[in-house]
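Here is what each chain is made of, one letter per residue.
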Amino acid sequence: MATFLNALFLQAGYNAALVALGAALLGFAAGAGGSFLFLRKRALVSDAVAHATLPGVGLAFIVMVALGGDGRSLPGLLLGSAITAWLGLLGVEWMVRRTRLSEDAAIGAILSVFFGIGIVLLTIIQSMSQGRQAGLEGFLLGSTAGMLFQDAVLIAGGGAAVVAIIWLLRRPMTMVAFDPGFAAARGMNVRRVDLAMVGLVLAVTVIGLKLVGLILIVALLIIPPVTARFWSERAETVVWAAGVIGAVSGWVGAALSASAPDLPTGPIIVLISAGLFSLSLLFAPARGVLASILARRAFQARVHRRQGLLALSRSEPVHDPLTLRILRREGLMRADGVATDKGGIASTRVARDERRWSIARRLHHDTALIGRYDGLTPIDEVFTRDEIAQFDAGLPAAEGV
Amino acid sequence: MSDLHVVTSPATLDPASPLAVRGLTVSYGEKPALFSLDASFPAGAMSAIVGPNGAGKSTFLKAALGLIPRVSGEVTIFGHDVNRARDRIAYVPQRASVDWDFPTTAIDVVLMGLYGQIGLWRRISGAHRARARACLDRVGMADFADRQIGQLSGGQQQRVFLARALAQDADLFLLDEPFAGVDAATEAAIIEVLKSLKAEGRSVVAVHHDLSTVSAYFDHVLLVNLRRIAEGPIATAFTADTLSETYGGRLGALQIEGLALVGT
């Protein structure tokens, strides 16, 4: 615990602090950058991009060794991964544009083929004399083991650069995600904006390869936006909240894995963000599961209450057990099924409301107002007192034009 | 038969027209949706594009805006190429074209219409917000500014889209079925706004599906069914003859007589 707290507050040594900072910045970039793809309903493109990095890592290693280097230089490996990821992305785009394949099919094809090539290359590298200690498998699930100071700087700097570009492009990207037809009519190059969205995700993937790994980086691109969506109805808030959720996941995850040497960084970061997701899914106001269950219950109670009161007003027996329970709980009905005084008043009022609505629906022509009749809405929320008085007199109300 | 209404293609497109096309052909795959269409809408007027389902009405707007590629033909906006006139056009797409669960509020949608003036990076100022609110007010939606768009009724959503177009302060308004699936109050509110735009000298071109309101709402009409069937002022172009040619057997003779102003 003490080691975890030390790591959390950057007291666990210079390197660990740098890793935590890098992970936080990467998480922020991933959450915010992934938001636009999520809002554009193209989140899975990131999966194709991530898997398409693997052959690049292998090829870059082989090329660097062939040129007499040691092959493990992180910038070199990342450059290679960016190149094949870009090719994979262009492959998806090309298939969607030139064939009748839908995007999900294209993603599936590119993802598996590129990943297959990558695995073959890693196997070949294993048989090379320099390949044994290359540690390229680390790119699959991420690891902080053997991470150099400049590697951490690369991750932190890259993450910060991506966040800056997201900020610059936030408006065109939001517009294209919401209404591409309108954006195009305004003269925006929708295809280029789409490429920018995926390009940012590609950058995050490449930067995060070392720390989180290509299999799990997708989670960091998708889970924070989905989590943020539970809390906000505004795109801009969703984007930055997703960034914060990603940053917190990265920071806490890196600290946790630094405090126990055997804990892998990538999976821990992903699990932290999944935890935040679960909490939001259950407890977010308005959009959370709990809130919607409660809202449904409250609505059901309103329906039963109204139906029960209408039955009372007509002196009909009430049979539905839930209706009975609600009427009795509110003191509207006695145990023997007879209306109390309070219930009598309420049922008279409800019956009058129904009667007014039925006159209103016959006399009034404004469908927008009449359309608000749903059996539950009291008429005085829709019409003015004067109009209701006219309904009571059986006359058509003057329509406000 | 149809030769009656086919005018030879104009040599040049009228530079005064807010939207003029010549020989416009658009195709999905190898099936043309519009074939060699000519049209020239008058400035400062309200024009309707009318025709049966699948006649190419929405396609016409999208091709005019350059949203879908054209196989042949020319389009001018106030005499210019559409790319040089973007700032003068406001487009209201069909309501069905967006995701209503998208996290955005009514005022955010209207602010998108102002992005042209705000620029990509500048902060959204109080003046911008006030302007967006004024546009919402003009369509009677000021009270709903902070509602998520999915929580609005169909008619209210359509009014928010119109408010976004108003925010663009354009000279030409292109609307795709603005009255589809909206309530009577919304239809009245929208038509009032469109008439006020016309009174300000702006031009309106709308795809319209309700034949019974064409002559009440519009000054000019383009009847289209793959080709141009007729175009001109309502009085001359919206006749029993042209309607029966546009709709074929889909409209009964009696129905047509009730709709058209002039029977021949």
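Refer to the preceding data block for the structure.
What you are looking at is a predicted structure, and each value in this text was computed from that prediction instead of being measured. (Residues numbered from 1 in each chain as written. Chains lettered and ligands numbered in written order. Predicted model: local features only at pLDDT ≥ 70, side-chain atom pairs only at ≥ 80, totals over all residues. Heavy atoms only, no water.)

A. Quick peek at the packing of aromatic side chains. For the structure shown, the criterion picks out 10 aromatic pairs over all chains. Relative to B:Phe218, the ring of B:Tyr217 has its centre 6.3 Å away and its plane inclined at 65 degrees; by these criteria the two rings are edge-to-face. Ring pairing ties together the aromatic residues A:Trp357, A:Tyr373, A:Phe383 and A:Phe391, which thus form one cluster. Positioned over the ring face of A:Trp167 is A:Arg170, at 4.4 Å from the centre of the ring. Residue placement shows A:Lys210 over the ring face of A:Phe139; its charged tip is 5.8 Å from the ring centre. (Phe/Tyr/Trp six-rings, centres within 6.5 Å; stacked < 30°, edge-to-face > 60°. Lys NZ or Arg CZ within 6 Å of the ring centre and 35° of its normal.)

B. Spotlight on the pattern of salt bridges. Residues and elements named next belong to chain A. The full count for this structure, using the stated rule, is 28 salt bridges over all chains. A salt bridge links Arg334 to Asp336; its shortest N-O distance comes to 3.0 Å. When its relative accessible area of 43% is taken as the criterion, Arg334 is described as partly exposed. When its relative accessible area of 52% is taken as the criterion, Asp336 is described as exposed. Here the salt bridges do not stand alone but share partners, grouping Arg40, Arg42, Glu93, Glu103, Arg191 and Asp194 into one network. (Salt bridge = Lys/Arg side-chain N within 4 Å of Asp/Glu carboxyl O. Buried < 20%, exposed > 50% of the residue type's maximum accessible area, 1.4 Å probe, protein only.)

C. The arrangement of a nonpolar patch on the surface in detail. All names here are of chain A. A cluster of nonpolar residues, Leu279, Leu281, Leu282, Phe283, Val289, Leu290, Ile293 and Leu294, forms a patch on the protein surface that exposes about 690 Å² of accessible area. Secondary structure elements with two or more residues in the nonpolar patch: helix H13 (265-283) and helix H14 (289-313). On the secondary structure map, Leu279 appears in helix H13. (Patch = residues over 30% accessible without salt bridge, like charges linked within 9 Å, V, L, I, M, F, W, Y side chains within 5 Å. Areas by Shrake-Rupley, 256 points an atom, 1.4 Å probe, with all protein chains shown as cover. Helix = DSSP H or I, 4+ residues; strand = E, 2+ residues; numbered from the N terminus.)

D. View of the interface of chain B and chain A. At the junction of the two partners, chain B supplies 37 residues and chain A supplies 28 residues. The largest contributions to the chain B side of the interface with chain A come from B:Phe102, B:Pro103 and B:Trp121, which together make up 24% of the buried area. Counting across the interface, chain B meets chain A through 6 salt bridges. B:Asp101 is paired through a salt bridge with A:Arg229; the nearest N and O atoms lie 3.7 Å apart. At the junction of chain B and chain A, the tally comes to 11 residue pairs in polar contact (both at pLDDT 80 or more). Looking at the side of chain B that touches chain A, the element that brings in the most residues is helix H2 (residues 106-118) of chain B, giving 7 residues. (Contact = heavy atoms within 4.5 Å. Buried area = accessible area lost by both parts, 1.4 Å probe. Polar contact = N/O pair within 3.5 Å; in protein donor to acceptor, adjacent residues only side chain to side chain.)

E. Structural context of the environment of A:Met333. Residue and element names in this part refer to chain A. For Met333, the location among the structural elements is in the loop between helix H15 (321-329) and helix H16 (341-363). In the structure, Met333 is positioned 25 residues away from Gly308 in sequence and 9.6 Å away in space, judged by C-alpha atoms. Excluding anything up to four places from it in sequence, Met333 contacts Leu312, Val318, Leu324, Leu327, Arg328, Val338, Ala339 and Thr340.

F. Structural view of the side chain of B:His128. All names here are of chain B. Within the element layout of this structure, His128 appears in helix H3 (residues 126-138). Among the residues examined, His128 registers a relative accessible area of 15% and is labelled buried. If sequence neighbours within four positions are ignored, His128 has contacts with Leu111, Leu114, Ile118 and Arg123.

G. Spotlight on the packing of helix H4 (residues 154-167) of chain B against helix H5 (residues 184-199) of chain B. All names here are of chain B. At a minimum axis separation of 10 Å, H4 and H5 run at an interaxial angle of 15 degrees. By the angle class used here, H4 and H5 are roughly parallel. Read as a crossing pair, H4 and H5 show a hand that is left-handed. On the side of H4, the interface is formed by Gly155, Gln156, Gln158, Arg159, Leu162 and Leu166, while H5 contributes Thr186, Ala189, Ile190, Val193, Leu194 and Leu197. Taken together, the residues that form the contact of H4 with H5 break down as 7 nonpolar, 4 polar and 1 charged. (Axes fitted to C-alpha atoms, helices over the stretch in contact; angles between N-to-C directions. Parallel < 35°, antiparallel > 145°, perpendicular 65-115°, else oblique. Left-handed = near helix turned anticlockwise from the far one by under 90°. Nonpolar A, V, L, I, M, F, W, Y, C, P; charged D, E, K, R; others polar.)

H. Just the sheet that holds strand S1 (residues 19-28) of chain B, in detail. Residues and elements named next belong to chain B. Within the open sheet, the 3 strands sit side by side as S2-S1-S4. Their pairing is antiparallel. Edge strands, defined here as strands with exactly one partner in the open sheet, are strand S2 (31-41) and strand S4 (72-76). Averaged over all pairs of adjacent strands, the angle between their axes in this sheet comes to 20 degrees, without regard to strand direction. Examined bridge by bridge, S1 and S4 share 4 bridges and lie antiparallel to one another. From the neighbouring strand, Thr25 faces S4, where its bridge partner is Ser72. Against the sheet, helix H1 (residues 57-64) makes contact with S1, S2 and S4, and its axis sits at roughly 110 degrees relative to S1, the strand it touches most. (Pairing = 2+ DSSP bridges.)

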